[in-house]
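Descriptive structure summary
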Amino acid sequence: MTTQTRKTPDELRSARWFGPDDLRSFGHRSRMMQLGYAEEEFRGKPIIGILNTWSELNSCHAHFKSRAKDVKRGVLQAGGFPVELPSLSVDESFNKPTSMLFRNLLAIETEEQIRAHPLDGVVLMGGCDKSTPGLVMGAISAGVPLIYLPAGPMLRGNYAGKILGSGSDAWKYWDERRAGNISDEEWLGVQGGIARSAGTCMTMGTASTMTAIADAMGLTLPGASSIPAVDSNHERMSSACGRRIVDMVWEDLTPDQIITKGSVQNAAIVAMATGCSTNAVVHLIAMARRAGVDLTLDDLDALGRNTPLIANVRPSGKDYLMEDFFYAGGLRALMKQIEDRLDCSAITVTGKTMGENLEGAQVYNDDVIRPLSNPVYKEGSLAVLRGNLCPDGAVIKPAACDPKYYQHEGPALVFDSYPEMKKAVDDEDLQVTPDTVMVLRNAGPQGGPGFPEWGMLPIPKALIKQGHRDMLRISDARMSGTSYGACVLHVAPESFVGGPLALLKTGDIVRLDLEGRRLDMLVDEDEIARRRAAWVAPEPHYERGYGYMFTKHVTQADKGCDFDYLQTDFGAPNREPDIF
């Protein structure tokens, strides 16, 4: 348990707004009364901000309107005063060109919204991919007590008696449609059955990966990340978040006490054991660095080599979805399986240690949550590559691709844009073989722009009709966590800023050596130097606005794609606002 001395009402952060006997505080209290609140409702009580990323276009968070009411109920029960604040609803489905372009904008909004308002603590309501890191990064920088409320996965998909997994089955059935193997009626049936309720993707995609990371980092109530969105346990968890954040304020349990080197390592190990999305890399690095923890690609690769994948959940697993994972015991049960690898002394939002939170956790289906003696894959979910194509690193998900590509050489087929690539793959006369290495460049943080999820390049129709469903693909883009295949991603530095991928030509031989963690183009150094001398930088995508700011300040994939000026080593922390 934490041992902090409890705060007094006069020590609350919100007391600076409402406590003093002066004209400014008179104005603050008067405006609260204008809103219909009596002084005894808010004065001297922890004021809890509920940062709600609900919107009418965000299906992952469609239940958040009612969940915010559950949180408020809990806050009031514990003697706090809840205030709901709308936050940028970053969602994967409709934000274009990519939601990743707006993760840092959500982080900025979160930090500044907390700092500017009389909030003593916050409940962060998120779940869809970028909302978890965006909210957490901003709240870390703001520094007030926080608790993360994950949206939870949707129900399993279903069509014609078959279970469907978000994203993963969309890719699979799309390939079958391109091959002419399913009808329009079947395609529409899959479309209507693959997403049946509120909640995030029910595969171990980026959403479930990132909420599991928040859980393992100690930022959620224990096991909260596994609860399905429409399960009544989710409502009870939401009200419990409201009750707990009030106590966290009195205890002054702030993020810097929770997010430590040990808790970040816990999150990374758990991510590897769950079969996490490749996006875990860029987000976890960014979150850790906001907290002053220097996490690197090499750190993640080392953990991946020594952490078996034990969650048999698609796409890295073969049979199950997040609903099954919850029934099998959820994240607490998985963490109990690897307890001896974790820092169980790490403090969590409960005020207890991670070890205390894991007491009593059990596995109820050992095919869903495997024992260490029977893993889904002997190593963790991800591997980090280096080489003359990616001197600063690249990422691959070995458990989700055909093992024959672990060692591979083949000729490159290079595309400079997504439209160019898309047109080519639909050409049934495209000159391509199963050994060909498809390459898409200019799709990184600046090139995309915004680092879009274009990295699971479609298999050319010519190969689809021959029965092939995988091939080696390389990109400086990301890919959806629901995706799969032999896809090398996050190539850094990206081609748009002159990374070596910009120098690759169609026909060059590319070699992947997974065991040796190498990715190289077999081109001699003199030829590479000649190509570099001839390379011309492309025109920037933005000349004004947020996009301009993004491209001027975003870091590369291996650094987490945060803005340089938001990282902890850029300057001193911002002070509390003056109130005059």
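These numbers come from a predicted model, not from an experiment. Within every chain, residues take consecutive numbers counted from 1 along the sequence as written. Restriction of local features to residues with pLDDT of at least 70 applies here, the model being predicted, together with a cutoff of 80 or more for giving and counting side-chain atom pairs; totals for whole chains, interfaces and linings are based on all residues. As a convention, hydrogens and water are excluded, and side-chain values are obtained from all of the structure's heavy atoms.

Let us now look at the overall build of the protein chain. On a plain count of helices and strands, the protein chain comes out with 21 helices and 14 strands. In terms of overall size, the protein chain behaves like a compact globule, its C-alpha atoms giving a radius of gyration of 24 Å where 580 residues would be expected to give roughly 25 Å. For the protein chain, the spread of C-alpha atoms along the three principal axes comes to 80 × 55 × 45 Å. Of all 580 residues assigned to the protein chain, the portion counted as buried reaches 60%. Sequence separation of 24 or more characterises 76% of the internal contacts of the protein chain that already satisfy a separation of 6 or more. In this description, accessible areas are obtained by the Shrake-Rupley approach with a 1.4 Å probe, and a residue is regarded as covered only by the protein chains that are shown. Of the roughly 22,300 Å² that the protein chain leaves accessible, carbon and sulfur atoms contribute 51%. Here the protein chain contributes 61 positive and 75 negative side-chain charges, whose respective centroids are spaced 2 Å apart. Elements are defined by DSSP. Helices are runs of H or I of four residues or more, strands are runs of E of two residues or more, and each kind is numbered from the N terminus. Using C-alpha atoms as the atom set, the radius of gyration is obtained and then compared with a globule rule of 2.2 Å times the number of residues to the power 0.38. Note on exposure labels: buried denotes an accessible area under 20% of the residue type's maximum, exposed denotes more than 50%, and partly exposed covers the range between, all computed with a 1.4 Å probe on protein chains only. A contact between two residues is defined here by any heavy atoms of the two lying within 4.5 Å. Neither His nor the chain ends contribute to the count of charged residues, in which Lys and Arg are positive and Asp and Glu negative. By convention, charge coordinates are those of NZ in Lys, CZ in Arg, CG in Asp, or CD in Glu.

A few words on the sheet that holds strand E4 (residues 146-150). Read across the open sheet, the four strands follow the order E2-E1-E3-E4; overall the sheet is parallel. The open sheet is flanked by strand E2 (81-86) and E4, the only strands paired with a single partner. Geometrically, the sheet is characterised by an average inter-axis angle of 20 degrees between neighbouring strands, direction not taken into account. Inspection of the sheet shows strand E1 (residues 47-52) paired to strand E3 (residues 121-126) by five bridges, in the parallel sense. Counted as the bridge partner of Ile50 is Val123 from E3. Think of it this way: DSSP has to see at least two bridges between two strands before they count as a pair. Throughout, an axis means a line fitted to C-alpha atoms (over the contacting stretch in the case of helices), and angles, computed between N-to-C directions, take values from 0 to 180 degrees.

Note that an α-helix has 3.6 residues per turn; residues three or four places apart therefore point the same way. Helix span is expected to be 1.5 Å times the residue number reduced by one. The terminal C-alpha atoms of helix H13 (residues 279-290) lie 17 Å apart, and with 12 residues this matches the ideal 16 Å at 1.5 Å per residue to within 8%. Counting buried residues in H13 gives 12 out of 12 residues, a clear majority hidden from the surface. Along H13, the positions that sit buried rather than exposed are Asn279, Ala280, Val281, Val282, His283, Leu284, Ile285, Ala286, Met287, Ala288, Arg289 and Arg290. Trailing H13 by a residue or two, Gly292 shows a phi angle of about 80 degrees, which is positive.

Taking every second residue as pointing to the same face, both faces of strand E8 (residues 393-396) are buried, with Gly393 and Val395 on one and Ala394 and Ile396 on the other. Bridge count for strand E7 (residues 383-385) against E8 is three bridges, and the pairing is antiparallel. The residue of E8 that forms the bridge with Ala383 is Ile396. Examined bridge by bridge, E8 and strand E12 (residues 487-492) share two bridges and lie antiparallel to one another. Bridge pairing in E12 links Gly393 to Ala492.

Moving on: the environment of Phe326. Relative to the helices and strands, Phe326 is located in helix H15 (residues 322-327). Along the backbone, Phe326 and Pro153 are 173 residues apart, and their C-alpha atoms lie at a distance of 9.7 Å.

Salt bridge, as used here, is a side-chain nitrogen of Lys or Arg placed within 4 Å of a carboxyl oxygen of Asp or Glu. All chains considered together, the criterion is met by 41 salt bridges. The closest approach of N and O atoms between Glu112 and Arg115, which form a salt bridge, is 3.5 Å. Of the two residues, Glu112 and Arg115 both sit in helix H5 (residues 103-116), three residues apart, roughly one turn of that helix. For the salt bridge of Arg156 with Glu323, the shortest nitrogen-to-oxygen distance reads 3.5 Å. A residue pair is termed long-range when its members are at least 10 positions apart, and Arg156 in the loop between E4 and strand E5 (157-159) and Glu323 in helix H15 qualify at 167 residues. In the salt-bridge network here, residues are joined through shared partners; they are Glu92, Asp129, Lys130, Glu453 and Arg478.

We now examine helix H12 (residues 261-274). In a regular helix each residue adds 1.5 Å, so 14 residues correspond to 20 Å; H12 covers 20 Å between its end C-alpha atoms and thus fits that length. Across the 14 residues of H12, 12 count as buried, placing the element largely inside the fold. Of all the residues in H12, the buried ones are Gly262, Ser263, Val264, Asn266, Ala267, Ala268, Ile269, Val270, Ala271, Met272, Ala273 and Thr274. On its buried face, H12 is in contact with helix H9 (206-216), helix H11 (255-258), H13, helix H14 (297-306) and helix H16 (330-337).

What follows concerns the nonpolar core. Judged by nonpolar contacts, the single largest core of 103 residues is most densely connected at Val123, Leu124, Ile213, Met217, Phe325, Leu334 and Met335. Ignoring any residue separated from it by four or fewer positions in sequence, one finds Leu334 in contact with Val270, Ala273, Thr274, Ile310, Ala311, Phe325 and Ile369. Among buried residues, those of type Ala, Val, Leu, Ile, Met, Phe, Trp, Tyr and Cys that are joined through side-chain atoms within 4.5 Å constitute a nonpolar core. Judged by nonpolar contacts, the second largest core, of 49 residues, contains Tyr406, Met471, Leu504 and Val523.

Bringing the environment of Val264 into the picture now. Mapped onto the fold, Val264 is located in helix H12. We classify Val264 as buried; its relative accessible area is 1%. In this structure the C-alpha to C-alpha distance between Val264 and Phe580, which are 316 residues apart in sequence, comes to 39 Å. Those residues in contact with Val264, other than ones at most four positions away along the chain, are Met217, Ile259, Ala288, Val293 and Leu295.

Sheet strands line up and pair through hydrogen bonds in the backbone, either parallel or antiparallel. One open sheet accounts for eight strands, arranged E7-E8-E12-E11-E10-E9-E13-E14; its pairing is mixed. Two strands in the sheet have a free side with no partner beyond their single neighbour: E7 and strand E14 (518-521). Strand-to-strand twist in this sheet, taken as the mean axis angle between neighbours without regard to direction, amounts to 30 degrees.

This paragraph deals with unusual backbone geometry. Look at the link from Lys96 to Pro97: it is a cis peptide, with omega at 5 degrees. Mapped onto the secondary structure, Pro97 falls in the loop between E2 and H5. For the bond running from Ala492 to Pro493, omega is -5 degrees, close enough to zero to count as cis. In this structure, Asn442 is a non-glycine residue whose phi angle is positive, near 65 degrees. A relative accessible area of 21% means that Asn442 is categorised as partly exposed. Although it is not a glycine, Phe451 adopts a positive phi angle of roughly 70 degrees. Along the chain, Phe451 turns up in the loop between strand E10 (437-440) and helix H19 (461-464).

Two cysteine sulfurs form what is called a disulfide whenever their separation falls within 2.5 Å. Under the criterion given, the structure shown has zero disulfides. Free of any disulfide, Cys128 has its nearest cysteine sulfur in Cys60, 3.6 Å distant. Cys487 provides the cysteine sulfur closest to Cys390, a residue in no disulfide bond, and the two sulfurs are 15 Å apart. Judged by relative accessible area, which is 0%, Cys390 ranks as buried.

As far as function goes, none of this settles anything; it's purely spatial.
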